[in-house]
Amino acid sequence: MTTRSRELSRADRIVPGLWRLRLPLPWPGVPHVNAFAIAAIDGVVLVDTGLHEPGAMRQLERALDQAGLGLEHVRLVVCTHAHSDHYGQAAPIMERAGCELWMHPDHAHMTRAAEDPERAFERRFEVARQSGVPAEVVAEAREARRGRGFGIAEIVMPDRDLLPGVEIDTDLGVWQVYETPGHAPSHVVLHQPERGLLVSGDHLLGRVSLYYDYGYSPDPAGEFLSSLDVVDALDVDLVLAGHGRPVRDAHGLIAANRGAVGERLERVRRALADGPQTAYELVPAMLDAEMPSGMMLNWGLTETLCYLRHLEHEGAAARVDGAEPEQWAPA
Ligand SMILES: [Zn+2]
Ligand SMILES: [Zn+2]
């Protein structure tokens with residue numbers, strides 16, 4: 001069981017016409033998610049939505065109210081990616097505001113999974129089992145997950161595909177869309193070039209915190225590294241991240257992320273030299289920590305699998321033929 005956060009939402013004005021709406025989350029180590037309200041046509045464009053959970057709409061309305069706004073002012077919902085904390089409340093917000101949703105078309109990693117949560121969770125448990133997670137640990141995870149959804153109020157499709165070339169017109173100027181897959185296949189960042197503002201979603205956070213969706217694209221870690229290059233080429237004064245405070249040093253952050261990915265890849269590569277191992281067995285080496293449990297194990301396993309995939313792509317690692325559960329060795 002997770003302990004529900006008792007924190008309340010709030011709004012911070014970043015610059016005139018742009019508010020950070022800090023919405024609480026019930027997740028370990030991730031106390032809140034940011035939505036951003038950007039003044040536009042007598043209202044606001046709302047970037048990201050918060051997670052669908054009891055009280056979520058009240059929390060959003062509380063934050064909007066602090067900014068002198070209400071749901072009726074939302075002219076458009078834009079999602080940086082289809083994860084539940086950024087997209088979960090899209091449907092009820094659109095309904096209350098009577099507005100459109102714009103999001104990248106590669107959202108099946110969430111929208112297809114959320115259509116049938118039981119099946120999607122079973123698929124994850126099967127990946128865990130294949131990756132060497134002990135049966136009793138998988139059983140515990142299954143028990144903890146029983147009856148729980150994805151944090152998505154309702155699957156809603158975008159009215160418009162959020163792709164490069166689509167412009168988001170606001171009182172602060174026009175925002176450009178850049179595809180930044182890696183953290184999630186549907187991930188985009190929004191850039192306002194004249195003001196040097198970047199709404200970075202979960203692609204770039206104030207502290208390095210790596211997560212990739214596994215199983216929807218060939219090499220999520222490699223895609224993430226390429227997406228860092230995309231953002232590195234932009235003029236950015238201020239990063240408005242999906243979690244945590246706005247931060248200044250975009251290029252420093254990008255370098256720190258590249259460094260962290262490189263270090264973790266190297267740890268996995270070095271650990272593989274000790275002989276064939278399952279992805280599960282490699283998790284402590286990848287984290288340079290004890291074997292985690294619960295959600296942290298799930299995240300650690302996913303990350304390890306992504307590094308193995310990346311090393312496989314580079315020709316540095318390979319699956320051991322016929323091993324059950326799946327084992328990895330240097331290529
Ligand atoms: Zn995310
Ligand atoms: Zn997030």
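Residues numbered from 1 in each chain as written. Chains lettered and ligands numbered in written order. Predicted model: local features only at pLDDT ≥ 70, side-chain atom pairs only at ≥ 80, totals over all residues. Heavy atoms only, no water.

Mind showing me how you'd approach the overall build of the protein chain here?
Summing up its helical and strand segments, the protein chain has 10 helices and 14 strands in all. For the protein chain, whose C-alpha radius of gyration is 20 Å, the value lies close to the compact-globule estimate of 20 Å for 331 residues. Taking the principal axes of its C-alpha atoms as reference, the protein chain extends roughly 60 × 45 × 30 Å. A buried classification covers 53% of the 331 residues belonging to the protein chain. Restricting the contact set of the protein chain to residue pairs at least 6 apart, pairs at least 24 apart contribute 65%. (Helix = DSSP H or I, 4+ residues; strand = E, 2+ residues; numbered from the N terminus. Rg over C-alpha atoms; globule rule 2.2 N^0.38 Å. Buried < 20%, exposed > 50% of the residue type's maximum accessible area, 1.4 Å probe, protein only. Contact = heavy atoms within 4.5 Å.)

Got a minute to help me understand the sheet that holds strand β6 (residues 100–103) in this structure?
As a general point, the strands of a sheet are linked pairwise by backbone hydrogen bonds and lie either parallel or antiparallel. Read across the open sheet, the seven strands follow the order β1-β2-β3-β4-β5-β6-β7; overall the sheet is mixed. Of all the strands in the sheet, the pair left with one neighbour each is β1 (10–15) and β7 (160–161). Inspection of the sheet shows β6 paired to β7 by two bridges, in the parallel sense. Counted as the bridge partner of Met103 is Asp161 from β7. Where helix α1 (residues 56–66) meets the sheet, its contacts fall on β1, β2 (18–27) and β4 (43–47), and the angle it forms with β2 comes to roughly 155 degrees. Where helix α3 (residues 90–97) meets the sheet, its contacts fall on β4, β5 (74–78) and β6, and the angle it forms with β5 comes to roughly 160 degrees. (Pairing = 2+ DSSP bridges. Axes fitted to C-alpha atoms, helices over the stretch in contact; angles between N-to-C directions.)

Quick question: what am I supposed to make of the sheet that holds strand β12 (residues 238–241) here?
Spatially, β8-β9-β10-β11-β12 is the arrangement adopted by the five strands of the open sheet, whose pairing is mixed. Where the open sheet ends on each side, the last strands, each with one partner, are β8 (167–170) and β12. With direction set aside, neighbouring strand axes in the sheet form an average angle of 25 degrees. Both strand β9 (residues 173–179) and strand β10 (residues 188–192) contribute to a ladder of four bridges, which runs antiparallel. Residue pairing across strands places Glu179 opposite Val188, the latter belonging to β10.

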